[in-house]
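Notes for the structure review
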Amino acid sequence: MSHATLMAQEAPKILPAFKFQALHTNSAFTNLQIKPAKYIILNFYDPGCGHCQKLAVGMAANMQKFKQAQILFIAMNDAVYIDGFINMHIPSLKSASNITFLRDPEVTFIPLFNPSQYPSMYIYDGKTKKLIKHLDGIDTVDSVLEYIVQ
């Protein structure tokens, strides 16, 4: 695939149907299981990525500003690596009711959402499921918060 082809692909304008795995139960988690919220945020990350770690720490420090969002943290890694990431960088989010940690062992996220780099964040309207903003390679929480109306 050429670089030009990669650049031409865009994030889905409407939240697509998906199926990932719940982190600790390995049970299926689909788009139909997202709790109602003003915003649906998908954070596709790699536990070893420095930008991903910095963004997650910023999100954890600003959870009050994300109270109207359901946030899905999605990684392709094995559970042990995801747990290490959570325990080291964002342990306070383990019990947050608006956070769901998911695994993508079947590698379906990439062809479905077309991320170009880590982290790749998708902010959807909770009612219409329309894409508000897709952000690739960011590491500051402010770049996300500007799209979340308080």
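No experiment lies behind these values; they were computed from the predicted model shown. (Residues numbered from 1 in each chain as written. Predicted model: local features only at pLDDT ≥ 70, side-chain atom pairs only at ≥ 80, totals over all residues. Heavy atoms only, no water.)

Glancing now at the packing of aromatic side chains. To describe a pair of aromatic rings, you give the distance between the ring centres and the angle between the ring planes. One pass over the structure, following the stated rule, counts 10 aromatic pairs. Here the aromatic rings of Phe109 and Phe113 are separated by 4.4 Å at their centres, their planes lie at 15°, and the arrangement is stacked. One end of the pair, Phe109, and the other, Phe113, are both in helix 4 (residues 109-113), 4 residues apart, so they sit about a helical turn from each other. Pair check on accessibility: Phe109 and Phe113 agree, each one buried. (Phe/Tyr/Trp six-rings, centres within 6.5 Å; stacked < 30°, edge-to-face > 60°. Helix = DSSP H or I, 4+ residues; strand = E, 2+ residues; numbered from the N terminus. Buried < 20%, exposed > 50% of the residue type's maximum accessible area, 1.4 Å probe, protein only.)

Moving on, we come to the nonpolar core. In this structure, Ile41, Phe66, Ile71, Phe73, Ile90 and Phe101 are the most contacted members of the largest nonpolar core, which totals 32 residues. Where this core is concerned, the elements lending two or more residues are strand 3 (39-44), helix 2 (50-61), strand 4 (69-75), helix 3 (79-89), strand 5 (99-103), strand 6 (120-125) and helix 5 (142-145). Considering every element that reaches this core, the biggest residue donor is helix 2, with 5 residues. If we ignore the near neighbours within four places in the chain, the residues touching Phe101 are Gln21, Ala22, Leu23, Tyr45, Phe73, Ile86, Ile90, Leu93 and Lys94. Phe29, Ile74, Leu102 and Tyr122 belong to the second-largest nonpolar core, a separate cluster that totals 16 residues. (Core = buried A, V, L, I, M, F, W, Y, C linked by side-chain atoms within 4.5 Å. Contact = heavy atoms within 4.5 Å.)

Let us look at the confidence of the model for the protein. When pLDDT is averaged along the protein, the result is 93; 94% of the residues meet or exceed 70. Taken as a whole, residues 1-6 scores under 50 in pLDDT and shows 2 contacts with residues more than four places along the chain or in a different chain. (pLDDT = per-residue confidence, 0-100.)

Below, the discussion takes up the pairing of strand 6. Burial of strand 6 is extensive: 5 of the 6 residues sit out of reach of the surface. Bridge analysis of strand 3 against strand 6 gives 6 bridges, and the strand direction is antiparallel. The partner of Ile41 across the bridge, within strand 6, is Ile123. With 5 bridges connecting them, strand 6 and strand 7 (residues 131-136) associate as antiparallel partners. Residue pairing in the sheet places Met121 in a bridge with Leu135 of strand 7. Once strand 6 ends, the chain turns through 5 residues before running back antiparallel as strand 7, passing Lys129 with a positive phi of about 65°. (Pairing = 2+ DSSP bridges.)

Relative to the elements of secondary structure, Asn43 occurs in strand 3. On the basis of relative accessible area, Asn43 is assigned to the buried category, the value being 1%. Non-local contacts of Asn43, meaning those with residues more than four positions away in its chain, are made with Leu55, Met59, Leu72, Phe73, Ile74, Pro119, Ser120 and Met121.

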